[in-house]
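Structural overview
Each chain, letter by letter, is given below.
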Amino acid sequence: MQTTTQTPPTSSTELSDYKIVPRRHYGRLLSSLIILGLLGALIHAFANGDIEWSVVGRFLTAKAILWGLGNTVLMSILAMILGVVLGVVFAIMRMSSNSVLRYVAKGYIWFFRGTPIILQLLLWFNLALVFPTLGIPGVFEARTVDVMVPFVAALLGLGINQGAYTAEVVRGGLLSVDNGQYEAAMSIGMTRLKSLRRIVLPQAMRVILPPIGNETISMIKMTSLASVIQYSEILHNAQNIYYANARVMELLIVAGIWYLVVVTIMSFGQRMLERRFARGSGRVDH
Amino acid sequence: MSFIVQGKSVVKKFGDFVALDHVDIDIENGEVVCIVGPSGSGKSTLLRCINQLEKIDGGGLWVDGELVGYRIAGSALHELDDKQIARQRLATGMVFQRFNLFPHMTALENIIEGPIQVLKRSPQECREQALELLERVGLSDKANAYPVELSGGQQQRVAIARALAMRPRLMLFDEPTSALDPELVGEVLQVMRDLARSGMSMIVVTHELGFAREVANRVVFMDAGQIVETGAPEEILMYPRNERTRGFISAVLN
């Protein structure tokens, strides 16, 4: 305390002569240094470990890997579309005044949330054991083993399971919309279904989208479970390669890199979508 | 004489609570009726029964000559389905206390939504009509504003335009100014006043006794689910005969 005093300066112009010293965030600085150090150690360990990085580089764009990547993305998108469609339908059924629809929806959600996804995949894949043929007698019939190829079994297993979860997400979104919106929609002559489609669902999207984005990302990784029914997604193909060349770690890293790339792109897309559905909410999220 | 609304012994219950207790009401075409009364007296419920946001438990309601919610066949009343109820609702336009504009649509989109989606009119025609309506409620410059960018008074005026776009035969107002800041009440009442002058049939649930006195052809006082007194505005508001009416009006004025 030499020259400083706590009395206010006589005029406000005097204050503007002072230099503002920003607050120092020593904690942030220190923790950043620690994290950088640990990261460095990790990179060092992997660089010197028994990993052939040239193998990683070579297989990153191998045909089988890219083919598997394509299948992973395709299956994620298709299963998610099926899941969202089923989710919306069953959420609306679950909230219907029709008790038959309500109980059907409850049963669906109960069954498909209540059993492991891997079990459901195996059930679909082995459906031929129960029903050797599928179809309507006289109209068309097919051997189940010809229909339930890995692609179809994976799509049904993943999509229908996803629908059960999405139904609950959508229901939460629909409940979040003010009842006055239904009333306003009906007061201009809309039926209940049209009110849902034109007025309530678009508003519910703001609440529904973040968890759906989350589940899409989770779906990308869940497709790897379809490897147990021989669907040739990226992990399945990576495994097939390392069974042959014994480069286990290298191929797992290749698959890991591709998963991260896809998930990063998806996260970006999710942000764009959320911004679009935030219209009129008076809030822009960053 | 033709009636836009006729109610015969209308009963509405919520559980054990009797919201409407054998209400009889007749409203003529072109009439402006203000319903006043303490909260919980059944005013809003009556309005909501007229456009079928609530289903009545007894008696009968006719709107624009049609029995509300049922079809008569022989000696039986058949409940109408969702589509038919939606069609019956077209006779009435509703303005809510809390505006209930669609927040994900601009003012213009709010107004053209019903005409395009329900009445299947051409988008071009609907847009022109909407701009005319916006001008009528004094909001020509707000066509592309989202509800969140509008004041309460402006939102309520858009809501009135949205209801008018459906060309209803009867407009229902459920405490249209109760959620507004005091300085915004006037602009909404002005729009309603103009509408009344244009010959529109209106039922207004309100606490604005000044508005009722100036605009209404008739004032209805309700209490405890019953219509206690009905008559010309000066009659009800200045010289009420009933004890309960007197009590309510002096409470509101003081």
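Residues numbered from 1 in each chain as written. Chains lettered and ligands numbered in written order. Predicted model: local features only at pLDDT ≥ 70, side-chain atom pairs only at ≥ 80, totals over all residues. Heavy atoms only, no water.

Between chain A and chain B, the contact holds 23 residues from the first and 26 residues from the second. Counting the surface lost from both chain A and chain B, the interface buries some 2100 Å², and carbon and sulfur atoms represent 57% of this. Seen at the junction of chain A and chain B, the total is two salt bridges. In this structure, Arg48 of chain B engages Glu183 of chain A in a salt bridge whose closest nitrogen and oxygen atoms are separated by 2.6 Å. Between the two partners, chain A and chain B, sit seven residue pairs in polar contact (both at pLDDT 80 or more). Going through the elements one at a time, α9 (179–187) and α10 (192–222) of chain A are the ones with two or more residues in the side of chain A that touches chain B. Top contributing element to the side of chain A that touches chain B by residue count: α10 of chain A, with eight residues. (Contact = heavy atoms within 4.5 Å. Buried area = accessible area lost by both parts, 1.4 Å probe. Salt bridge = Lys/Arg side-chain N within 4 Å of Asp/Glu carboxyl O. Polar contact = N/O pair within 3.5 Å; in protein donor to acceptor, adjacent residues only side chain to side chain. Helix = DSSP H or I, 4+ residues; strand = E, 2+ residues; numbered from the N terminus.)

What follows is about the confidence of the model for chain B. Residue-level pLDDT values for chain B average 94, and 100% of them are 70 or greater. Across the whole predicted complex the pTM is 0.80, and at the interface the ipTM reaches 0.92. (pLDDT = per-residue confidence, 0-100.)

All names here are of chain A. In this numbering, the UniProt entry assigns the feature "transmembrane region" (unreviewed entry) to residues 29–47, 67–93, 114–140 and 251–269. A distance of 27 Å separates the end C-alpha atoms of residues 29–47, which is 100% helix and 0% strand. Secondary structure within residues 251–269 divides into 100% helix and 0% strand; the distance between the first and last C-alpha atoms comes to 27 Å. (UniProt positions renumbered as here; feature names shortened; annotations may be inferred.)

In this structure's numbering, the residues bearing the UniProt feature "domain: ABC transmembrane type-1" (unreviewed entry) are residues 69–270 of chain A. Within residues 69–270 of chain A, the helical portion is 78% and the strand portion 4%, while the C-alpha atoms at the span's ends are 20 Å from each other.

We now examine helix α4 (residues 123–136) of chain B. All names here are of chain B. When the terminal C-alpha atoms of α4 are compared, their 20 Å separation across 14 residues agrees well with the 20 Å that a helix rising 1.5 Å per residue should span. Every buried residue belonging to α4 is among Cys126, Gln129, Ala130, Leu133 and Leu134, and all of these are buried. Along α4, the residues classed as buried sweep out an arc of 140° about the axis, all on the same side. Opposite the packed face of α4, turned more than 90 degrees from it, sit the exposed residues Glu132 and Glu135. Residues of α4 that are buried in the fold lie against α3 (107–117) and α5 (152–164). (Expected span 1.5 Å × (residues − 1). Buried < 20%, exposed > 50% of the residue type's maximum accessible area, 1.4 Å probe, protein only. Arc of directions from axis to C-beta.)

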